[in-house]
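Examination of the molecular architecture
One letter stands for each residue in the lines below.
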Amino acid sequence: MDKINSFSEYQEQYKKSVDNPDAFWSEQASTFLWKKKWDRVLDWEFKTPSVNWFINGKLNITENCLDRHLDTKADKTAIIWEPNNPDEKHKEITYKELHEKVCRFSNVLKANGAKKGDRICLYMPMVPELAIATLACARIGAIHSVVFAGFSAKALSDRINDADCNILVTSDGLYRGKKQMCLKDIVDDALQTCPTINSCIVLQRTGQQITMKDGRDSWWHEEDELVNSICDAEIMDSEDPLFVLYTSGSTGKPKGVQHHCGGYMVYAEYSFRNVFQYNEDDVYWCTADIGWITGHTYIVYGPLLAGSTTIMFEGVPTYPDAGRFWEVCEKFKVNLFYTAPTAIRALQVYGTEFIDKYDLSSLKTLGSVGEPINEEAWDWYYKNIGKENCWIVDTWWQTETGGIMISPLAHITKMKPTFAALPLPGIQPCLVDPDGKEILGNDVQGNLCIKYPWPSMIRTTYGDHERCKQVYFSTYPGMYFTGDGCRRDEDGFYRITGRVDDVINVSGHRMGTAEVENGINEHSRVVESAVVGFPHEIKGQGIYAYVILEDINAASDNLRKEILSTITKEIGPIAKPDKIQFVSGLPKTRSGKIMRRILRKVAEGDTSSLGDTSTLLDPSIVAEIIEGKV
Ligand code: PRX
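Cut-offs and rules
- Residues numbered from 1 in each chain as written.
- Predicted model: local features only at pLDDT ≥ 70, side-chain atom pairs only at ≥ 80, totals over all residues.
- Heavy atoms only, no water.
- Helix = DSSP H or I, 4+ residues; strand = E, 2+ residues; numbered from the N terminus.
- Buried < 20%, exposed > 50% of the residue type's maximum accessible area, 1.4 Å probe, protein only.
- Contact = heavy atoms within 4.5 Å.
- Areas by Shrake-Rupley, 256 points an atom, 1.4 Å probe, with all protein chains shown as cover.
- Salt bridge = Lys/Arg side-chain N within 4 Å of Asp/Glu carboxyl O.
- Near = heavy atom within 4 Å.
- Polar contact = N/O pair within 3.5 Å; in protein donor to acceptor, adjacent residues only side chain to side chain.
- Pairing = 2+ DSSP bridges.
- Phe/Tyr/Trp six-rings, centres within 6.5 Å; stacked < 30°, edge-to-face > 60°.
- 1 Å grid on protein atoms, 1.4 Å probe; cavity = no way out; pocket = protein on both sides within 12 Å on 5 of 7 lines; lining within 4 Å.
- Points joined across faces, edges and corners; volume = space filled by probe spheres on them.
- Nonpolar A, V, L, I, M, F, W, Y, C, P; charged D, E, K, R; others polar.
- Right-handed = clockwise from strand over helix to strand, strands pointing away.
- Domains from an automatic or database assignment.
- Buried area = accessible area lost by both parts, 1.4 Å probe.

**A look at the overall build of the chain**
The helix and strand inventory of the chain stands at 20 helices and 31 strands. Seen along its three principal axes, the alpha-carbon backbone of the chain occupies a region of about 75 × 65 × 55 Å. When the 630 residues of the chain are sorted by exposure, 62% land in the buried category. Put simply, of all contacts in the chain between residues at least 6 apart along the chain, 71% involve residues at least 24 apart. Put simply, the chain shows about 23,700 Å² of open surface, and 46% of that area lies on carbon and sulfur atoms.

**A look at the pattern of salt bridges**
A pair can form between side chains of opposite charge whenever their charged atoms are brought close. In the structure shown here, the tally under the stated rule is 42 salt bridges. Between Glu88 and Arg205 there is a salt bridge; the shortest N-O distance is 3.0 Å. Of this pair, Glu88 sits in the loop between β4 (77-82) and β5 (91-94) while Arg205 sits in the loop between β11 (199-203) and β12 (217-219), and the two are 117 residues apart along the sequence. Owing to a relative accessible area of 15%, Arg205 belongs among the buried residues under this scheme.

**Comments concerning the site of the ligand**
Near the ligand lie 17 residues; those nearest to it are Asp394, Thr395, Thr399, Asp484 and Arg510. In this structure, Arg510 approaches the ligand through a side-chain N or O atom, which is 2.7 Å from an oxygen atom. Protein contacts shield 95% of the accessible area of the ligand, which totals 540 Å² for the unbound molecule. Sorting the residues of the shell around the ligand by element identifies α11 (293-305), β20 (391-395) and β26 (494-499) as the ones contributing at least two each.

**Section: the pairing of β26**
For strand β25 (residues 480-488) and β26, the ladder comprises 5 bridges, and the chain directions are antiparallel. Bridge pairing in β26 places Arg487 opposite Arg495. In sequence, β25 turns back onto β26 through a hairpin of 5 residues, with Gly492 there showing a positive phi of about 85°.

**Quick word on the packing of aromatic side chains**
Inspection of the entire model under this criterion finds 44 aromatic pairs. Here Trp25 and Tyr270 contribute two aromatic rings whose centre-to-centre distance is 5.4 Å and whose plane-to-plane angle is 75°, an arrangement assigned as edge-to-face. One end of the pair, Trp25, is in helix α2 (residues 21-29); the other, Tyr270, is in helix α10 (residues 261-276), and 245 residues separate them in sequence. Judged by its relative accessible area of 1%, Trp25 falls in the buried class.

**Looking at unusual backbone geometry**
Pro49 follows Thr48 through a cis peptide bond whose omega is -10°. As for its position among the elements, Pro49 is in the loop between β1 (40-45) and β2 (50-55). Even without being a glycine, Ala421 presents a positive backbone phi close to 75°. When you line up the elements, Ala421 lands in the loop between β20 and β21 (429-432). On the accessibility criterion, Ala421 (1% relative accessible area) is buried. A positive phi is found at Asp443, a non-glycine position, where the angle reads about 60°. Mapped onto the elements of the fold, Asp443 is located in the loop between β22 (438-439) and β23 (444-450).

**Focus: empty space enclosed by the protein**
Tallied over the entire structure, the rule returns 1 cavity of 30 Å³ or more. Volume-wise, the largest cavity comes out at about 40 Å³. Along the walls of the largest cavity sit Val146, Val147, Phe148, Phe151, Arg159, Leu245, Tyr246, Gly291 and Trp292, which together make up its complete lining. Grouping the amino acids of the lining of the largest cavity by side-chain chemistry returns 7 nonpolar, 1 polar and 1 charged.

**So, the sheet that holds strand β24 (residues 460-461)**
The strand order across the open sheet formed by 8 strands is β12-β11-β8-β6-β7-β14-β15-β24, and the pairing between neighbours is mixed. On the outer flanks of this sheet lie β12 and β24, each paired with one strand and no other. Across 6 bridges, the pairing between strand β14 (residues 241-247) and strand β15 (residues 255-260) is antiparallel. When the sheet's bridge partners are listed, Val244 is paired in β15 with Gln258.

**Some points on the pairing of strand β16 (residues 283-286)**
Side chains Val283 and Trp285 of β16 all project onto a buried face; the interleaved residues Tyr284 and Cys286 project onto the opposite face, where all are buried too. Where β16 and strand β17 (residues 309-313) come together, 3 bridges link them in parallel fashion. If you follow Val283 over to β17, its bridge partner there is Thr309. Where the polypeptide runs from β16 across α11 and back to β17, its parallel neighbour, the crossover connection is right-handed. As judged from the 3 bridges shared by β16 and strand β18 (residues 336-339), these two strands associate in the parallel manner. Paired with Tyr284 across the bridge in β18 is Leu336.

**Considerations on the domain arrangement of the chain**
Segmentation of the chain into domains returns domain 1 (7-316 + 395-486) and domain 2 (507-627). If you average the C-alpha positions of domain 1 and of domain 2, the two centres end up 33 Å apart. Listed as interface residues are 17 residues of domain 1 and, on the opposing side, 13 residues of domain 2. On the domain 1 side of the contact with domain 2, Ser152, Ser248 and Trp292 bury the most area, a combined 37% of that side's loss. One can count 2 salt bridges joining domain 1 with domain 2. Measuring nitrogen to oxygen at the nearest pair gives 3.8 Å for the salt bridge that ties Glu570 to Lys154.

Below you can see the structure in the form of structure tokens.
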């Protein structure tokens with residue numbers, strides 16, 4: 001696959017992708033290994049919605065990630081794995097070895113009864129076996145559902161049950177910074193309410209004591225001894241599902257965003273090569289976890305499709321100290337580095353002494369993803385990490401978009417701090433006003449929609465197509481609605497301003513306020529709660545919870561702690577509110593709707609302009625809430 005080499009070429013390609021999308025995508029797709037070529041490039045309508053790419057094309061994504069590289073890159077390192085503890089030895093896995101390991105684990109899955117179309121849940125630490133298991137599912141045509149290993153037993157069981165998974169792959173425990181956690185205990189708890197799981201395959205990572213259930217649990221290493229390394233890839237239709245990944249929305253439970261084989265494959269490699277301007281032999285490191293979409297597309301699929309060397313990191317940025325990222329960059333001479341603003345802000349606090357110890361001269365491109373990057377963090381990243389020599393790519397996209405949508409192309413698109421810049425070829429963003437009318441021209445602001453399909457877009461929400469339609473395609477008929485607000489400046493550059501729905505972005509993780517409220521309400525003494533986001537120096541947004549108790553006299557710090565442990569149990573530690581305020585009521589309109597605008601203002605500490613409160617059922621509650629805050 002070629003990549004764009006100059007800004008004028010970008011403009012040409014962009015124009016071509018809009019004037020003749022079929023020809024444009026046909027050209028990109030033809031660089032892959034297809035078992036059978038597609039009949040037509042695209043059929044679509046956004047009402048149902050129904051989107052089909054590379055119709056009747058047959059392929060297997062793992063042949064494109066692995067087999068097709070074996071002639072020329074068999075001995076090239078595919079994955080470098082850096083463990084949590086720097087004293088433990090890192091691992092390097094070549095394309096040939098990765099191919100063999102994936103085939104072996106594919107056979108393990110088959111031996112456990114897995115077949116095409118099954119859903120397999122992966123709940124694992126950031127170890128190479130997670131990437132191997134992901135690819136093994138894809139090789140046999142099973143749909144992987146990776147659940148971040150920080151989620152609670154309840155959250156894991158909800159996700160397993162929503163997708164009716166029949167196999168779970170996990171590990172005994174995991175290391176994260178100073179902590180060691182017993183994953184298998186969480187799994188055992190979750191599986192009590194997961195009747196569809198027949199097999200649980202357990203990787204030995206920490207060697208800690210766990211219990212294995214007869215007839216259900218088996219060890220990865222023992223299963224591995226029983227199989228060989230030959231596994232033909234299942235032939236998949238371009239529109240067969242590849243994976244489901246759960247993400248939060250403004251209402252209800254997290255939904256399983258579903259991505260399909262052909263389109264996702266084409267866009268994962270296309271966007272990886274172009275945004276990062278990947279060159280053969282570049283060493284690439286994305287610090288995300290494979291439990292999130294960034295890890296799926298830009299640790300596993302994109303980089304492996306491109307035949308690059310991708311680093312997987314098990315640890316955290318501040319362990320054993322705040323120099324860890326830079327130590328790893330020096331150690332492996334990383335060229336392309338991709339992380340989140342929250343990590344940058346967290347490291348910024350430690351000053352530059354942890355950076356100055358390391359040689360970062362290999363770095364060429366620095367990526368940012370997951371939330372708006374504030375100007376201060378952008379400057380710090382640019383000066384201290386990039387030494388004013390690297391390109392910063394602020395990449396905007398979502399679980400639902402599958403790949404990067406709006407971003408500078410490294411060393412090509414002009415950089416403007418805090419701007420995600422311009423859409424990739426094939427991506428047609430537009431801004432709309434509250435009536436759904438497109439806002440044309442520049443120097444404007446509105447809600448961000450996409451008006452034409454792109455290959456890696458969401459096809460459905462697992463088991464509930466109506467929900468997909470309602471959430472993404474109904475607000476503005478005929479368009480995909482992102483849930484984000486956005487400004488287009490006088491140069492036509494896009495700046496994402498944040499969510500316009502009831503979703504908060506905490507350290508780059510999406511949290512539905514309703515989901516957190518439901519978790520808090522599980523505490524027996526809680527009657528009702530309302531959750532809003534507020535600006536947080538490191539996390540971007542923090543979680544502020546207003547809680548009504550059965551008996552307000554029971555309010556205490558102890559109860560706050562209990563509520564935090566309830567939410568940890570219901571969702572996981574990432575959903576813990578930063579602040580809990582006990583209140584006797586919530587500002588509701590006569591129709592019973594909570595006026596979150598007011599709660600947001602109070603949480604932000606800005607009570608000077610609360611706007612019109614005359615429609616509130618009980619306006620006096622506002623004063624009480626403000627007072628309680630002081
Ligand atoms: O609000 C946007 C924000 O993250 C949301 C998507 O979250 P998720 O599906 O978890 O995917 C995160 C990683 C792709 C978006 O709706 N977001 C993501 N990237 C940016 C961003 N906001 C501003 N700038 C970005 N570069």
